[in-house]
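# Survey of secondary and tertiary structure
Single-letter residue listing:
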Amino acid sequence: MIVPVRSFAAAAVLAAASIALPAAQAGAQAIELPQASPKARVEQQAGITHFAVEYSSPAVNGRTIWGGLVPYDAVWRTGANQATTFTSSRDFRFGGTAVPAGTYSLFTIPTASSWTVVLNSNPKTWGSNDYDAKLDVARIEVQPQPMAESRERLAFIFSDASNAGLRLDIEWEKLRLSIPVGVDTSAHVAANLERAVADAWKPAFESARWLLENDGDTKQAMKHADDSIAIKPTWSNHWVKAQLQAKAGKKRDAVKTAKQAQSLGKDDRIFPFYQEQIATSIAAWQK
C-alpha cells in the first residue's frame, strides 16, 4: 500500500509536536496569581531615623478574626507567612524599652482585653513556629481600640511622626493597636556632628591621595595634604605627603615625614597593611 505524501507530512508534524511539547512546558513561566496575603512594606522617617515594617497582609474574608482566626493567649506572627519584621536605622525606644538599631521580628499576643507586643532578635522566622521568648528584646502591653469602620486587610501604619518619635498602628477588622516608638534625635544629631568634626581631615586627604595616584598636580596635592594634617595629623595623610615629597625629589623630607607616619600609625588597625611598604620606601629613599 502506498501512503500519500501528505500523510507522511502530517505524521511528521504530529511527531514533532509531541516531542516539542514537554520542552515548551518546561520553559513556560509560572502564572502570576493574586496572593491570599500579599506582601506589604511601610516606611517612615522620624528625625533622622528611618523605620520600616515588612509583612504579609491577610484579609478578613468573612471570617471571625479575634478569638477565631487569631486565637487569644497565643503568639501571633501579626500577619501571614513569614514573621513580620520591624527595622530601625538608629537606636530607638519601643514603648519604654531602649532597643539598638537593627531588624527584629514583631509578634503579638492578643487577649480579649489587652495585647502584648514583642520585638524579637530573630527576624528570619516563618510565622511563629520558631519563636523563642529568650530572644525577646522588648515587650509592651497595649490596649486595643475599636474602629468605626472595618478594614478588610491587615495594615501597619506609621502616624504622628516627629523628631521625638512616632506611632506604629496595627489595624485590622474593627480593631486598632497603637504602639509608641521614641527616638532621641538630639543625641543622634550630636553624634553625627561629632563624627563630622572628627573626620574633617578626610576630604583634603582623599583629594591629595587621588591626585598622587592619578598623576595630578603635585603642588595642589601637597596643599591638600598639608591642609589635612593641619586639621588632624594621621599616619595616612603623612604617608601621602611623604610620597609627594619623594615624587618632587625631596627624599630627605620624605623620609622624615614617612617616619612620622610610622609613629602615628602604631595604634591604628589599618596601618599594619602599609607598614612594610612604608619601611621599604624609607630604605629606598635613604639610599
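Each value, and the rule that gives it
- Residues numbered from 1 in each chain as written.
- Predicted model: local features only at pLDDT ≥ 70, side-chain atom pairs only at ≥ 80, totals over all residues.
- Heavy atoms only, no water.
- Axes fitted to C-alpha atoms, helices over the stretch in contact; angles between N-to-C directions.
- Helix = DSSP H or I, 4+ residues; strand = E, 2+ residues; numbered from the N terminus.
- Parallel < 35°, antiparallel > 145°, perpendicular 65-115°, else oblique.
- Left-handed = near helix turned anticlockwise from the far one by under 90°.
- Contact = heavy atoms within 4.5 Å.
- Nonpolar A, V, L, I, M, F, W, Y, C, P; charged D, E, K, R; others polar.
- Pairing = 2+ DSSP bridges.

## Some points on the packing of helix H3 (residues 202–213) against helix H4 (residues 218–231)
Running from amino to carboxyl end, H3 crosses H4 at an angle of 150°, the nearest separation of the two axes being 8 Å. Between H3 and H4, the angle falls in the class roughly antiparallel. Between H3 and H4 lies a crossing of left-handed hand. Residues Ala204, Phe205, Ser207, Ala208 and Leu211 of H3 form the contact with H4, whose own contacting residues are Gln220, Ala221, His224, Ala225, Asp227 and Ser228. Taken together, the residues of the contact of H3 with H4 sort by class into six nonpolar, four polar and one charged.

## Side note on the sheet that holds strand S7 (residues 115–120)
Spatially, S1-S2-S3-S6-S7-S8 is the arrangement adopted by the six strands of the open sheet, whose pairing is antiparallel. Of all the strands in the sheet, just strand S1 (39–46) and strand S8 (136–142) have a single pairing partner and so form its edges. Each strand axis lies, on average, 20° off the axis of its neighbour in the sheet, ignoring direction. The pairing of strand S2 (residues 49–56) with strand S3 (residues 85–88) spans four bridges and is classified as antiparallel. The residue of S3 that forms the bridge with phenylalanine 51 is serine 88.

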